[in-house]
Amino acid sequence: MTRKSDNINNLQNHLEDLESVIQDFVEGLETLFKRFIKIRVSLLKILNH
Amino acid sequence: MATFELNTKTHFHARSNSLPSRPHPLILQCNEHLDRLKASHETSSSSSSLSHKLGGLQDLHECVEKLFQLPLTQEALGRESQENWVDELLNGSLRLLDVCTTAKDSLLHTKECMRELQSIMRRRKGGEVELRAEIKKFLTSRKVVKKAISKALANLKGTTRKCSMSLAHKDNHTVALINLLENVEVVTISTFQTLLHLISGTTQSKSSSWILVSKLMQTKKVGCSKLADERGFAQLDEALQSFVFFT
C-alpha cells in the first residue's frame, strides 16, 4: 500500500515539474507568435505598397 | 566578441575595391543568431535546452523584423515581389504561424488534462477506481494531442524549401537576404519539429531536417537528438500507463 502511495507521490511531482516546463514553453511560444505576426504584417505592407 | 569575428567570415563574399560587398550589419547579426541556434542543437534536446532555443528564436526573429524595416530590404522586396522566392516567403510565414499554434494548443490541452489528474490525486477520495479512470481519460487525450502533432509534422515534411534559382542578376543585399531568410525558415521549422516530438513523446528520426540545417550551415556533423528528460512528456505517459496496467 505504501508503495502505491509512493508511486502516486512520484506522479504528482512529475506532473508539477512538467507543468512548469509547459508554462515556460507556452510563454516562449506566445512571444514568438507575436514576432511571426509582426514580420508577416511588415512583409504584406511592403508587398502591397 | 570573439564569436562574432569567427562567424562573420563565412558570410563574406568576394570584395572589390570600389564596391564593398560586406553584408549589412543586421544580416550579420541574424547570421550570428542562426549559428548560435544551430550550435545549440548539437547538444541534447531536453526541455531546458529547447526552452533556451525558443529564446534564441525570439532573438533571431526580432532581428529579422528589424531587417524588414530597412529601406534596402523594402526596395529589394518591392523589386522582387513577382519572384517565386517571395511567394515562398509568404507561404513559409504562414507555416510558422500554423506550427506555432499547433505546439501551443498541444501544450495547453495537455496541461488542462494534467490539472484534472492532479486534482483527483490531491483529493484522493473515490480511491483507485476513480484515479484509474482519470488516468485513462488523460491517456486518451494524449492520444488526440499526439495525432494532431503527427499530422502537423507530416504537413511540415518536405516544406523547407531549397529553391533553385538564379541569383546572377541580383544585388548583394538581395542575395544575402534570400539566403538568410531561407536559413531562418529551416532552422525555425527544425526547432519546432524537435519541440513537437518532445511534446508528443516520440523520438525524432535521424533524417530530421537538422541534417539539412547542418548542410546549409556547412558544418561537419550534427548530433542525433535524444529525449534527454528524466521527467518529460514521454516519461509521464509511460509512468501513467504502467500505473494503470501493472499495479
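Residues numbered from 1 in each chain as written. Chains lettered and ligands numbered in written order. Predicted model: local features only at pLDDT ≥ 70, side-chain atom pairs only at ≥ 80, totals over all residues. Heavy atoms only, no water.

**Quick look at the interface of chain A and chain B**
We count it as follows: In this description, contact between two residues means that some pair of their heavy atoms is separated by no more than 4.5 Å. Buried surface area refers to the total accessible area, computed with a probe of radius 1.4 Å, that the two partners give up upon joining, counted for both partners together. What counts as a salt bridge is simple: a side-chain nitrogen of Lys or Arg found within 4 Å of a carboxyl oxygen of Asp or Glu. Residues adjacent in sequence count toward polar contacts only when both atoms are side-chain atoms; beyond that, a polar contact is any pair of N or O atoms within 3.5 Å, and within protein one must be able to donate a hydrogen and the other to accept it. Residue classes follow a fixed rule: Ala, Val, Leu, Ile, Met, Phe, Trp, Tyr, Cys and Pro count as nonpolar, while Asp, Glu, Lys and Arg count as charged, and any other residue, Gly among them, counts as polar.
Listed as interface residues are 38 residues of chain A and, on the opposing side, 54 residues of chain B. Between chain A and chain B, the buried area comes to about 4400 Å², and carbon and sulfur atoms account for 73% of it. Looking only at chain A, the three residues that lose the most surface to chain B are Leu 15, Phe 25 and Phe 36 of chain A, adding up to 16% of its buried area. Counting across the interface, chain A meets chain B through 5 salt bridges. On inspection of chain A and its partner chain B, the count reaches 11 residue pairs in polar contact (both at pLDDT 80 or more). Across the side of chain A that touches chain B, the residue classes break down as 18 nonpolar, 11 polar and 9 charged.

**Side note on the confidence of the model for chain B**
Residues and elements named next belong to chain B. Which entries qualify depends on this criterion: Each residue carries a pLDDT value, the predictor's own confidence for that position, ranging from 0 to 100.
Looking at chain B as a whole, the pLDDT averages 83, with 77% of positions reaching at least 70. Every residue in residues 1-18 scores below 50 in pLDDT, and together they form 14 contacts with partners more than four places removed in sequence or on other chains. This model gives residues 219-227 a pLDDT under 50, and the stretch forms 20 contacts once residues within four places in sequence are excluded. The ipTM value of the predicted complex is 0.93, and its pTM value is 0.84.

**Some thoughts on the nonpolar core**
Going by this rule: To define a nonpolar core, start from buried Ala, Val, Leu, Ile, Met, Phe, Trp, Tyr and Cys residues and group those joined through side-chain atoms within 4.5 Å. For every residue, the accessible area (1.4 Å probe, protein chains only) is compared with the maximum for its type, and the residue is labelled buried under 20%, exposed over 50%, or partly exposed between those bounds. Secondary structure elements follow DSSP: runs of H or I of four or more residues count as helices, runs of E of two or more count as strands, with numbering from the N terminus.
Counting residues in hydrophobic clusters, the biggest one holds 72 residues, and the most contacted among them are Phe 25 of chain A together with Phe 68 and Phe 192 of chain B. The set of elements that each furnish at least two residues to this core consists of helix 1 (2-47) of chain A together with helix 2 (25-41), helix 3 (47-67), helix 4 (71-79), helix 5 (84-123), helix 6 (127-156), helix 7 (172-200) and helix 9 (233-246) of chain B. For this core, the element with the most residues is helix 5 of chain B, which contributes 15 residues. Setting aside chain neighbours within four positions, we find Phe 68 of chain B in contact with Ile 39, Ser 42, Leu 43 and Ile 46 of chain A together with Thr 73, Gln 74, Leu 77, Leu 89 and Leu 181 of chain B.

**Quick word on the environment of Arg 142 of chain B**
Residue and element names in this part refer to chain B. Tracing the chain through its elements places Arg 142 in helix 6. We classify Arg 142 as buried; its relative accessible area is 3%. Separated by 57 residues in sequence, Arg 142 and Ile 199 place their C-alpha atoms 9.8 Å apart. Those residues in contact with Arg 142 that sit more than four places away from it in its chain are Thr 110, Ile 199, Ser 200, Gly 201, Phe 233 and Asp 237. Within polar-contact distance, the side chain of Arg 142 engages the side chain of Asp 237 at 3.0 Å.

**Quick look at empty space enclosed by the protein**
Applicable threshold: Using only the protein atoms, space was sampled on a 1 Å grid; points where a 1.4 Å probe fits but cannot get out form cavities, open sets with protein on both sides within 12 Å along at least five of seven lines form pockets, and lining residues are those with an atom within 4 Å of a point. Grid points are joined across faces, edges and corners, and a volume is the space filled by probe spheres set on the points.
According to the stated counting rule, one finds 3 cavities of 30 Å³ or more in the structure shown. Taken as a whole, the largest cavity spans an internal volume of roughly 170 Å³. Lining of the largest cavity is provided by 14 residues; of these, Ile 39 of chain A together with His 61, Leu 89, Ser 93 and Leu 96 of chain B occupy positions nearest its centre. Residue assignment for the lining of the largest cavity shows that the elements contributing at least two residues are helix 1 of chain A together with helix 3, helix 5 and helix 7 of chain B. Element by element, the count of residues in the lining of the largest cavity is highest for helix 5 of chain B, at 4 residues. In terms of residue class, the lining of the largest cavity is built from 9 nonpolar, 3 polar and 2 charged.

**Focus on the packing of helix 2 of chain B against helix 3 of chain B**
All names here are of chain B. Where we set the bar: Angular values range over 0 to 180 degrees, each being the angle between N-to-C directions of two axes fitted as lines to C-alpha atoms, with helices fitted over their stretch in contact. The labels follow the angle: roughly parallel below 35 degrees, roughly antiparallel above 145, roughly perpendicular from 65 to 115, and oblique for the rest. Note on convention: near helix rotated counterclockwise from far helix by under a right angle means a left-handed crossing. Clockwise means right-handed.
Taken N-terminus to C-terminus, the directions of helix 2 and helix 3 make an angle of 165 degrees; their axes are 9 Å apart at the nearest point. Relative to helix 3, helix 2 is oriented roughly antiparallel. Where helix 2 crosses over helix 3, the two elements pack in a sense that is left-handed. For the pair helix 2 and helix 3, the contacting residues are Leu 26, Ile 27, Gln 29, Cys 30, His 33, Leu 34, Leu 37, Ser 40 and His 41 in the first and Lys 53, Gly 56, Leu 57, Asp 59, Leu 60, Cys 63, Val 64, Lys 66 and Leu 67 in the second. Of the residues that constitute the contact of helix 2 with helix 3, the class distribution is 10 nonpolar, 5 polar and 3 charged.

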